[in-house]
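Close look at the chain arrangement
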Amino acid sequence: MESPTRPAAPSNDYSSITRATKLFALCAAVNSLNLGYDIGVNTGIAPLLEESMDLSETQVEIFIGSINLFAMVGSLASGYISDAYGRRGTFKVAAVGFVVGVLTMATAQSFAVLMLGRVLVGIGVGFGLAIDPLYISELSPPEHRGRLVTWSEFSINVGILLGFSSSLAFYGLEPDAAWRLMVGLGALLPIVMIVLVVCVMPESPRWLVSKGRNEEAVSVLQRLYGPDYNVTELTEAIHESLQKEQEAERTMGWGILLYPTPAYKRILLVGVGVAASQQIVGIDSIQYFLSYILEQSGVTDRKMQGLVLIMFGLLKVVMVFVAANLLDSKGRRPVFFLSLIVIFLSLIMLAINFVVGGENHSSSFTIFCLALYLAAFGVGMGPGAWLIPSEVFPLSIRAKAMSLATFVNRFVATIMASTVLSLTKVISWAGYFVGLATVAVIILVLMYLYLPETSGKSLEEMTVYFAQITGDASVLEVEEAHVAAKTIELSEEGGRRGGGEEEDDDSASGGVLS
């Protein structure tokens, strides 16, 4: 009997994605709401904490910036949990960490207990940052992966908007009651996430295949691609990809990460470097301390600050929609370049405004420049920083490499967010903005030199691409050996059948769910 004919690849529009794929990607993106809400709510509660708990400016700086330090622990642990217990298990761990941590902070009566809750929330953040784009990328076809992975960034921005809105919602309450309610509401979102994981979301088909649970993988793939799609061929292609990458890992072991060959070194340079770049341009240090920047600009009224923050939140949400289309239609590289150029211009204009205006610089122009910066970040550096790693890391190191990328991202964020107030006291806000603008130019040059175009390419194709441009014979030999093995296997199978039927070998390499 002939193998069923595989349908043509879907066109590059949302209508060709099955409802199941959209639903599961949306569920995964809900997890990113937790991180976004934490960013938004802490932007508003910082001055309230100072007043109600009599905290010093240094303690506030530690509280705000430390979440990234604790997220590094979660990001490293997520690799083991993700590989051992699956992507769904990792979502559960992240959600539980959020719930316990948020409730601990909301009921804290001392700085020590407040920081204990911060530890738990930070670990949940680290798990979430690593697993969200990984899960979505493993369920998404290559031609739609860019748009679907950006849903995670969209959710972060929706969460930020919700956090900003909480400042205005509880504006009339006493500071102590206001910040506790604002923080406590953050426990609702991870509870919703637990329900979605248990009742709605399937396990990643790639993880299922890696554990030998092929029947379950076929069932999930059938839901993702529809009843008429030949998902058996997809399962075989995933299995073949696993074999190739596992053979390379057996040959090099942990050396793939610790002592990478030229191809893997370039992969790590790109994936981890892009993740680090997201924070080096200053997004956390600016977002967490927007209230301080606004106050320095003359916007001292809490209600007005809340309205401005909500405007920023709405802008970021809108720009993610723009990014979702640009990243796939225009390609990754052009969007990154545009994002960094506008980030540079907005930071320079901010610095000039603070220098030229002195103590009387324009608050409206400051708001405009901040809005421009946040919009530029939301178009490229925001979603792209997680899209690129999910597209370049091969399956054999993907979970570990995503953990490493998240670790580095959070480490840089810790340094940036924990030193803002200290640095601005020394070099002023204008000097700080000039420093960030300089970094943006350096990142632009590095990305121009090293960042490949990943749009429309499967995860497996990217591994071979890096091997070819670096001349990494070890990886290429593994690729060639498996192609030869597949050819022999098909030839022997054809011989056993007496040459009566021919297999469609093209299906072994095309249409892989990536």
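Nothing here was measured: the structure is a model prediction, and the numbers come from that model.

1. Topic: the overall build of the protein
- A tally of helices and strands in the protein yields 21 helices and zero strands.
- Relative to its 514 residues, the protein shows a buried fraction of 57%.
- Within the protein, contacts between residues at least 6 apart in sequence are counted, and of these 82% link residues at least 24 apart.
- Total accessible area computed for the protein in this model is approximately 20,000 Å², and 64% of it derives from carbon and sulfur atoms.

2. A closer look at the environment of V317
- The topology assignment puts V317 in helix 15 (residues 302-329).
- According to the relative accessible area criterion, V317 is buried, its value standing at 11%.
- Sequence spacing of V317 and A375 is 58 residues, and the spatial spacing of their C-alpha atoms is 9.0 Å.
- Excluding its chain neighbours within four sequence positions, the residues that come into contact with V317 are F154, N157, V158 and L161.

3. A few points about the confidence of the model for the protein
- With 84% of its residues at a pLDDT of 70 or more, the protein has an overall mean of 82.
- Predicted confidence for residues 1-15 stays below pLDDT 50, and this span has 29 contacts to residues more than four positions away or in other chains.
- Scored below 50 in pLDDT, residues 496-514 makes 45 contacts in the model with residues more than four places away or belonging to other chains.

4. Considering the packing of aromatic side chains
- Per the counting criterion, the structure on display carries ten aromatic pairs.
- With a centroid separation of 5.3 Å and an interplanar angle of 85 degrees, the aromatic rings of F91 and Y135 are classed as edge-to-face. Taken as a pair, F91 in helix 3 (residues 57-106) and Y135 in helix 4 (residues 111-139) lie far apart in primary sequence, 44 residues in all.
- For F91, a relative accessible area of 0% gives the class buried.
- Y135 sits in the buried class, given a relative accessible area of 0%.
- Members of the aromatic cluster, connected to one another through ring pairs, are F354, W429, Y432 and F433.
- The positively charged end of R118 is found above the aromatic ring belonging to F63, 4.3 Å away from the centroid.

5. What about unusual backbone geometry?
- Although it is not a glycine, D54 sits at a positive phi angle of roughly 55 degrees.
- Position of D54 among the secondary structure elements: in the loop between helix 2 (32-52) and helix 3.
- Of the residues examined, D54 reaches a relative accessible area of 66% and is grouped as exposed.
- At S428, a residue that is not glycine, the phi angle is positive and equals roughly 75 degrees.
- With respect to the helices, strands and loops of the structure, S428 is situated in helix 19 (residues 420-450).

Reading the values: the criteria
- Counting starts from 1 at the beginning of each chain's written sequence and moves along it residue by residue.
- Local features are withheld for residues below a pLDDT of 70 in this predicted model, meaning they are given only at 70 or higher, and side-chain atom pairs are given and counted only at 80 or more; totals for whole chains, interfaces and linings count all residues.
- Each side-chain value is worked out from all heavy atoms of the structure, with water and hydrogens disregarded.
- Strands here are runs of E lasting at least two residues and helices are runs of H or I lasting at least four, both read from the DSSP assignment and numbered beginning at the N terminus.
- Categorising residues by exposure relies on relative accessible area from a 1.4 Å probe, with only protein chains included: less than 20% of the type maximum marks a residue as buried, more than 50% marks it as exposed, and the intermediate range marks it as partly exposed.
- When checking whether two residues touch, look at their non-hydrogen atoms; a contact exists if any pair is within 4.5 Å.
- Per-residue accessibility takes into account occlusion by the displayed protein chains alone, with areas from the Shrake-Rupley method and a 1.4 Å probe.
- For every residue, the predictor states its confidence as a pLDDT score lying anywhere from 0 to 100.
- A pair of Phe, Tyr and Trp rings is counted when the ring centres sit within 6.5 Å of each other, with Trp represented by its six-membered ring. The angle between the planes then sorts it: under 30 degrees is stacked, over 60 is edge-to-face, the rest tilted.
- Counted as over-ring charges are cases with an Arg CZ or a Lys NZ within 6 Å of the ring centre that also lie within 35 degrees of the ring normal.

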